[in-house]
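Spelled out from the first residue to the last, the chains are:
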Amino acid sequence: MKISPPHDNRVSETAPQWLNRHDMVNHALARALPFLACVHATFSLMVLLRFRLMGYDDATILTARELIPVIDMLMCVVLAGVVMLVVLSHRKMICSPHFRIRCQVVLLLLSAAWSFSAFVFTAFWHLPFAFPLSVTLLLSTVVALYFHLSLLLCFVLPLWFISFSASLYINQGINARILLIWGGCTLIFIYSRWLLVRWFNEAWQRYNENQLLVSRLDTMAHQDALTQTANRRALEDHLQHAVAQQIPFSIIILDVDYFKRYNDNYGHQAGDKCLANVADALKSAVRTPEDLVARYGGEEFVIVLPHASQQDTERVAQRIQQCLAEKALPHEKSEVSGWVTVSMGLANSENGKNANEIIATADAALYRAKQSGRNRWAY
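Below is a short write-up of the structure. Throughout this document, residue positions are counted from 1 along each chain, in the order its sequence is written. Restriction of local features to residues with pLDDT of at least 70 applies here, the model being predicted, together with a cutoff of 80 or more for giving and counting side-chain atom pairs; totals for whole chains, interfaces and linings are based on all residues. The basis for the side-chain values is all heavy atoms of the structure; hydrogens and waters are excluded.

1. Some words on the overall build of the protein chain
Here's step 1: Within the protein chain one finds 15 helices and five strands.
Here's step 2: The C-alpha radius of gyration computed for the protein chain amounts to 35 Å, which surpasses the reference 21 Å derived for 379 residues by more than 25%, pointing to a less compact arrangement than a globule.
Here's step 3: Each principal axis of the C-alpha distribution contributes one length, and for the protein chain these read about 110 × 45 × 30 Å.
Here's step 4: By residue count, 42% of the 379 residues in the protein chain fall in the buried class.
Here's step 5: Restricting the contact set of the protein chain to residue pairs at least 6 apart, pairs at least 24 apart contribute 71%.
Here's step 6: Throughout, the Shrake-Rupley method with a 1.4 Å probe supplies accessible areas, and for residues the shown protein chains are the sole cover considered. For the protein chain, the accessible surface area stands at approximately 20400 Å², while carbon and sulfur atoms represent 59% of it.
Here's step 7: Taking the 33 positively charged and 30 negatively charged side chains of the protein chain as two groups, their mean positions are separated by 6 Å. Only DSSP runs of H or I reaching four residues or more are called helices, and only runs of E reaching two or more are called strands; each is numbered from the N terminus. All radius of gyration figures rest on C-alpha atoms, and the globule criterion is 2.2 Å times the number of residues raised to 0.38. Burial classification: accessible surface area is computed with a 1.4 Å probe over protein chains only, and a residue below 20% of its type maximum counts as buried, one above 50% as exposed, and the rest as partly exposed. The contact rule is simple, with two residues in contact once any of their heavy atoms fall within 4.5 Å. The charge count includes Lys and Arg as positive and Asp and Glu as negative, but it does not include His or the ends of the chains. To locate a charge, take NZ of a lysine, CZ of an arginine, CG of an aspartate or CD of a glutamate.

This is the structure we're talking about:
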């Protein structure tokens, strides 16, 4: 049975757990969308509050004044899009099946609002901040959404195309200066995204490597190296969890008969191999992968059988004897058989008893089995 350490809320709050790359992208979106919303909110408020921030009157410096209310309305649309981005950044929204379509619609709406505004700022009002505004919006979107190409293109392509068209409108056609400026900007956008995607991929690879390392360390912390069964710490955690969740189970605690004599006769290396063989027999005798085989200490093992009746437990005990008989590991110094055998104590979980008390009950049964002649089980 696979053993998992107790859940630690402190770890889960600070270290995200991703099952696949899609989970990592969702986590990045949850961080990126609020940033993008902040950028759009800042620029739209700057446009709406231009009277107080810049200290001039539209009527005195702007032509095509009929477009002023349209721009103000579009900035309100941007603020509405900002609210939608914040809502979409919630994990439940990101994990919903329609998130991608909703986010694409919002980004296209924002891009359309900024594209029209940027064209007016550049082509009709000749505002000096129009070009830096467009470039900043494009670069901030590349930074925020570089890992999600479809969402990135939904915002970048319309704004880039309209900003380029505005330059053509002002200059009445294409010239070398326009090609140099916009070609350079385009290369910067593409290279920036390529570089960020490389870092993202490297981060995902490092995460997978770290998870593999954590898994190996967890296995080492919860597995007995000699027998490849759960160790005592894992057993105690497992029993405490079962008792806390009121999961009924049976337990078998067993001891290799005359193991000290085996070590003295065959040597400690042979004794280690004997324990490994016994562990293999125990793992072959259990019912399902949900049954836990653990080394309790020395030559003692414990088997935990969830939802097992007394009859189920006795069947497992009988299969353990059969598996050991088939292995027929020689034991010349045993007083009960010519091969390695075990004595077993069986017990069932009971309401009101903790894990230690249940083990003590099984241990008492094991003592009775030994007193009765070994190579047997007792309740």
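2. Structural notes on the environment of Leu29
Here's step 1: Here Leu29 shows up in helix 2 (residues 21-48).
Here's step 2: Along the backbone, Leu29 and Cys323 are 294 residues apart, and their C-alpha atoms lie at a distance of 55 Å.
Here's step 3: Discounting residues that sit within four places of it in the chain, Leu29 has contacts with Pro34, Ile94, Phe99, Leu145, Phe147, His148 and Leu151.

3. Things to note about the pattern of salt bridges
Here's step 1: A pairing counts as a salt bridge when a side-chain nitrogen of Lys or Arg comes within 4 Å of a carboxyl oxygen of Asp or Glu. For the structure on display, the rule yields 11 salt bridges.
Here's step 2: Asp224 is paired through a salt bridge with Arg295; the nearest N and O atoms lie 3.4 Å apart. With Asp224 in the loop between helix 10 (176-222) and helix 11 (232-244) and Arg295 in strand 2 (residues 292-297), this residue pair connects regions lying 71 residues apart in the sequence.
Here's step 3: Of the residues examined, Asp224 reaches a relative accessible area of 15% and is grouped as buried.

4. Some remarks on the packing of helix 8 (residues 130-145) against helix 9 (residues 149-171)
Packed helices, taken two at a time, are described by the angle their axes make and the gap between the axes.
Here's step 1: Relative to each other, helix 8 and helix 9 sit at 170°, their axes nearing to 10 Å. Here helix 9 runs roughly antiparallel to helix 8, going by the angle between their axes. Across the interface between the two elements, Ser134, Leu137, Leu138, Thr141, Val142 and Leu145 of helix 8 pack against Leu149, Leu151, Leu152, Phe155, Val156, Leu159, Trp160 and Ser163 of helix 9. Helix axes are fitted to C-alpha atoms over the stretch in contact, other axes to C-alpha atoms as well, and angles between N-to-C directions run from 0 to 180 degrees. Orientation categories follow fixed angle ranges, with anything under 35 degrees roughly parallel, anything over 145 roughly antiparallel, 65 to 115 roughly perpendicular, and all other angles oblique.

5. Here's the deal with the sheet that holds strand 5 (residues 377-378)
Here's step 1: Strand pairing requires that DSSP identify at least two bridges connecting the strands. A sheet is described by the order of its strands in space; here five strands give the open sequence 2-3-1-4-5, paired in mixed fashion. Of all strands in the sheet, those bounded by a partner on one side alone are strand 2 and strand 5.
Here's step 2: Here helix 13 (residues 268-285) sits on the sheet and contacts strand 1 (249-256), strand 2, strand 3 (300-306) and strand 4 (342-348); the angle it forms with strand 3, its principal contact strand, is near 10°.

6. Description of the pairing of strand 1
Here's step 1: The buried fraction of strand 1 is high, at eight of eight residues.
Here's step 2: Alternating positions in strand 1 separate into two faces, Phe249, Ile251, Ile253 and Asp255 on one and Ser250, Ile252, Leu254 and Val256 on the other, with burial throughout.
Here's step 3: Bridge analysis of strand 1 against strand 3 gives seven bridges, and the strand direction is antiparallel. Residue pairing across strands places Phe249 opposite Pro306, the latter belonging to strand 3.
Here's step 4: Across seven bridges, strand 1 lies against strand 4 in antiparallel orientation. Bridging across to strand 4, Ile253 finds its partner in Gly345.

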